[in-house]
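# Coordinate inspection notes
As a plain string of letters, each chain reads:
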Amino acid sequence: MRRLIPHPGLSVLLVIVWLLMANAITAGGLLMGIVIGILLPLFTAPFWPGRPSVNYSAGLAFIALVLWDIIVANFEVAAIILFRRNRDLQPAWLTIPLELDTPEAITVLAGTISLTPGTVSADVSSCGNFLLVHALHAPDTASEIARIKSRYEARLKGVFK
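Read on for an overview of the structure.

What counts and how
Residues numbered from 1 in each chain as written. Predicted model: local features only at pLDDT ≥ 70, side-chain atom pairs only at ≥ 80, totals over all residues. Heavy atoms only, no water. Helix = DSSP H or I, 4+ residues; strand = E, 2+ residues; numbered from the N terminus. Rg over C-alpha atoms; globule rule 2.2 N^0.38 Å. Buried < 20%, exposed > 50% of the residue type's maximum accessible area, 1.4 Å probe, protein only. Contact = heavy atoms within 4.5 Å. Polar contact = N/O pair within 3.5 Å; in protein donor to acceptor, adjacent residues only side chain to side chain. Pairing = 2+ DSSP bridges. Axes fitted to C-alpha atoms, helices over the stretch in contact; angles between N-to-C directions. Expected span 1.5 Å × (residues − 1). Core = buried A, V, L, I, M, F, W, Y, C linked by side-chain atoms within 4.5 Å. 1 Å grid on protein atoms, 1.4 Å probe; cavity = no way out; pocket = protein on both sides within 12 Å on 5 of 7 lines; lining within 4 Å. Points joined across faces, edges and corners; volume = space filled by probe spheres on them. Nonpolar A, V, L, I, M, F, W, Y, C, P; charged D, E, K, R; others polar.

## Quick word on the overall build of the protein
- Tallying secondary structure elements over the protein gives five helices and three strands in all.
- In sequence order, the secondary structure elements of the protein are arranged as α-α-α-β-α-β-β-α.
- Relative to the 2.2 N^0.38 estimate, which gives 15 Å for 161 residues, the radius of gyration of the protein is 19 Å and therefore markedly larger than a compact globule would have.
- Seen through its C-alpha atoms, the protein measures out along the principal axes to roughly 55 × 40 × 25 Å.
- Across the 161 residues that make up the protein, the buried fraction comes to 32%.
- Sequence separation of 24 or more characterises 72% of the internal contacts of the protein that already satisfy a separation of 6 or more.

This is the structure:
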């Protein structure tokens, strides 16, 4: 089964994305999505020789957490923009030491930070041990770094094994 569907999570995601792009759930659309969901990972599997294993239940919990954080951060950023003067903002560059070791996990962490309003990932160090992040308002940089590490990085360790 692993040879036929080398990336089951990617296959399911491709089928869902195909159905969303088709904007209709029909038998033909579902069949085409399944064909794409099987063939695309099958043909690209040789290019991913050392892929990490993924804990999908932890991944779904992580996605739910990130969606919640995006909603909350939107309100926080709106409050900052509407009710703070520019001179009261305390933007900061954060250098986050990484304990994640796979490129996939680091990419998901950087993407998560950039998706959350008020922060953006700027760079990963050449050694892969640090992530440079800009925060719109971070009066206490140490607590912001600790929050990112405990809220996102620790959970990503459970997603990517």
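We are not done yet, so read on.
## Structural notes on the side chain of T119
- As for its placement among the helices and strands, T119 is situated in strand β2 (residues 119-124).
- Polar contacts involving the side chain of T119 include one to the main-chain carbonyl oxygen of I113, which spans 2.7 Å.
- Only 3.2 Å separates the side chain of T119 from the backbone oxygen of T116, close enough to count as a polar contact.
- Look past the residues within four positions of T119 in its chain and what remains in contact with it is I113, S114, V133, H134, A135 and E144.

## So, the sheet that holds β2
- The strand order across the open sheet built from three strands is β1-β3-β2, with neighbouring strands paired in antiparallel fashion. Whereas interior strands pair on both sides, the edge strands pair on one side only; in this sheet they are β1 (92-97) and β2. Adjacent strand axes in the sheet meet at a mean angle of 30° when their direction is disregarded.
- Sheet topology places β2 next to strand β3 (residues 130-135); five bridges connect them, and they run antiparallel.

## Things to note about the pairing of β3
- Only one face of β3 is buried, namely the one carrying L131, V133 and A135, since none of F130, L132 and H134 on the opposite face is buried.
- In terms of strand pairing, β1 meets β3 through six bridges, oriented antiparallel. From the neighbouring strand, A92 faces β3, where its bridge partner is A135.
- Hairpin remark: β2 followed by β3, antiparallel, with five residues in the connecting loop; positive phi at G128, about 80°.

## Quick notes on helix α4 (residues 103-115)
- Compared with the 18 Å implied by 1.5 Å per residue over 13 residues, the 18 Å span of α4 between its first and last C-alpha is a close match.
- Among the structural elements, α3 (56-83), β1, β2, β3 and α5 (141-159) are those in contact with the buried residues of α4.

## Re the nonpolar core
- Counting residues in each nonpolar core, the largest one holds 24 residues, and the members touching the most others are L94, I96, L109 and L131.
- Every element with two or more residues in this core is listed here: α3, β1, α4, β3 and α5.
- Beyond its immediate stretch of four places on either side in the chain, I96 contacts I113, N129, F130, L131, V133, I145, I148 and K149.

## As for the layout of surface pockets
- In this model, the largest pocket occupies a volume close to 950 Å³.
- Around the largest pocket, the lining is made up of 28 residues, and of these G9, L10, V54, Y56 and F160 lie nearest the centre.
- Those elements that place two or more of their residues in the lining of the largest pocket are α1 (8-22), α3, α4 and α5.
- A breakdown of the residues in the lining of the largest pocket according to their chemical character gives 19 nonpolar, six polar and three charged.
- Considered as a void within the structure, the second largest pocket measures approximately 330 Å³ in volume.
- If you trace the second largest pocket, you find 18 residues lining it, with A73, E76, P117, E144 and R147 closest to the centre.
- Elements represented by at least two residues in the lining of the second largest pocket include exactly α3 and α5.
- Examining the composition of the lining of the second largest pocket, we find that seven residues originate from one element, α3, more than from any other.
- Along the lines of polarity and charge, the residues of the lining of the second largest pocket split into nine nonpolar, four polar and five charged.

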